[in-house]
Amino acid sequence: MKRNSMIIGILFSMVTGPICAQGVWTMDQCMKYAVEHSTEMKKQQIEIQRSHDQYRAATASFFPTLQAAVNGQYNWGRNINPESNTYGNVTTFNNYYEIYATLNVFDGFATLNAFKQARLAKSSSQTTLQKIRDDKAIEVMQKYVDAAYAQACITLAEEKLKDSQQLLTKTQRLMELGEKSRPDMAQIEAQVAEDNYNLTHQKNVCQQAMIALQSSMNFPIKDTLQINISVKDSEPQIESDNANAIYDSFRKWSPEVLAAEFNVKNSQYNYQIQKAKMLPSIILRGGIATNYYKNLSQKGEYEPFHSQFHNNQGEYLVLTVSFPLFMPSQWRHAREARSDWQKTEICLNETCRKLHDDIALAVADRDGYLKELLQMRRKVASDSLANYLSIRKYEEGMLSTFDLHSSTQTLLESRVKLLQMQMMYILKNKLVSYYKGQPLITDNKNKEKK
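> Got a minute to help me understand the packing of aromatic side chains in this structure?
Centre distance and the angle of the planes are the two values used to describe a pair of aromatic rings. In total, this model carries 18 aromatic pairs according to the counting rule given. Between the aromatic rings of F250 and Y435, the centroid separation amounts to 5.1 Å while the plane-to-plane angle is 70°, which identifies the pairing as edge-to-face. Of the two residues, F250 is situated in helix α6 (residues 243-250) and Y435 in helix α10 (residues 401-435); the sequence distance between them amounts to 185 residues. In this pair, the class of F250 matches that of Y435, namely buried. An aromatic cluster of at least three residues, connected via ring pairs, comprises Y97, Y292, F305 and F309. The ring of Y394 carries K180 above its face, with NZ or CZ at 3.8 Å from the centroid. The side chain of R285 reaches across the aromatic face of Y100, ending 3.9 Å from its centre.

Structure (structure tokens):
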């Protein structure tokens, strides 16, 4: 009975329990390592830097642009002589210099909306990073519980095999004394063989679960990962939580909802940008220009370069107003942007509804699994006592090997079912705590200081 109570509480200590040996990992340590070494996190950090660059570019679009141009031109044949302003069949060389600035005075607020869009993407990049962090932590949490459950099943299988081997030894002695027959001995040997098979199978399952955990953590291939399944008995308490209240609180900072709201706002800005391209635009341009001229067909003296560069210098100011009259392709782009905006609003409603249902389901599952867990504990205790009495009856010749096998199998199934209830309760309890505002990854050092 004492051993059964130890097995019952095996999974409750693996979440944030103390490390029992050097190199043994708890659930929080595995989740923290997975987040720090996640390739998705590294990609998102690059996207964060990219959003900062796009924000700076959008900010710079409000300022005028400054450009310089140099043009060298040879002309031959009939052309205009800039000195006499007459036509002639000559060969000339023209060299133009220009520096000018361009300012976008009005573009239908496209630049302003692009700036708001870039600023929104910059602030939302951290939300996306948090969503990736939480998703990875939940994924590793599930893999960790699966691996711990598989290792706990190995412990149960080893104890079942040990009990069967002890029973086989007793049966062999009783057969030598003439109290047990050869069929009884064969039945117990078959039970030992079955327990050996179950242990081997469970070890294979555990190996696959550990490989999945290491893959999810991006753990080094050549290193060996050992997880913490130290025994710590505990008595969970039934909590009364309101799913609607948890949803109202969690919705304000839920990464999924914030990401959906970002998509709605981003699509709205994109629609406004596309619509602005169909409005009139005003561009102001001003600059300084000069040139150098030489007639290569006529010999004579010309003003030197520095004189022409100074004397031909002039300033100009241009105001351009553009009216888009017929742009069918742009109309189509605007309609597509509006459709995307409407679609993201529908996706936001779906995300909110799915989040509400997930929270309600997590709370209901946690409470349901806890009730099943408490009942299953009592069943395991009763099956353990019944199995102990069945073994005593078998030793006294009052019970057949078939009934004894049924009793031991019932006890094993109860223990495995209890472990399943513990696994599901840990997952749902951790998930509900996350919805209630507790971080998925806790710092053990800070926890000890508190």
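Read on, since the account is not over.
> Is there a simple way to think about the pattern of salt bridges in this case?
Tallying each qualifying case throughout the model produces 19 salt bridges. Across the salt bridge formed by E98 and R285, the nearest N and O atoms sit 3.6 Å from each other. Of this pair, E98 sits in strand β5 (residues 92-106) while R285 sits in strand β7 (residues 281-295); the two residues are 187 residues apart in sequence, bridging distant segments of the chain. Classification of E98 by relative accessible area gives partly exposed; the value is 26%. The salt bridge involving K354 is made with D358; its shortest N-O contact spans 3.0 Å. With K354 and D358 both in helix α9 (residues 328-395), this residue pair falls four residues apart, about one helical turn. Judged by its relative accessible area of 26%, D358 falls in the partly exposed class.

Conventions we followed
Residues numbered from 1 in each chain as written. Predicted model: local features only at pLDDT ≥ 70, side-chain atom pairs only at ≥ 80, totals over all residues. Heavy atoms only, no water. Phe/Tyr/Trp six-rings, centres within 6.5 Å; stacked < 30°, edge-to-face > 60°. Helix = DSSP H or I, 4+ residues; strand = E, 2+ residues; numbered from the N terminus. Buried < 20%, exposed > 50% of the residue type's maximum accessible area, 1.4 Å probe, protein only. Lys NZ or Arg CZ within 6 Å of the ring centre and 35° of its normal. Salt bridge = Lys/Arg side-chain N within 4 Å of Asp/Glu carboxyl O.

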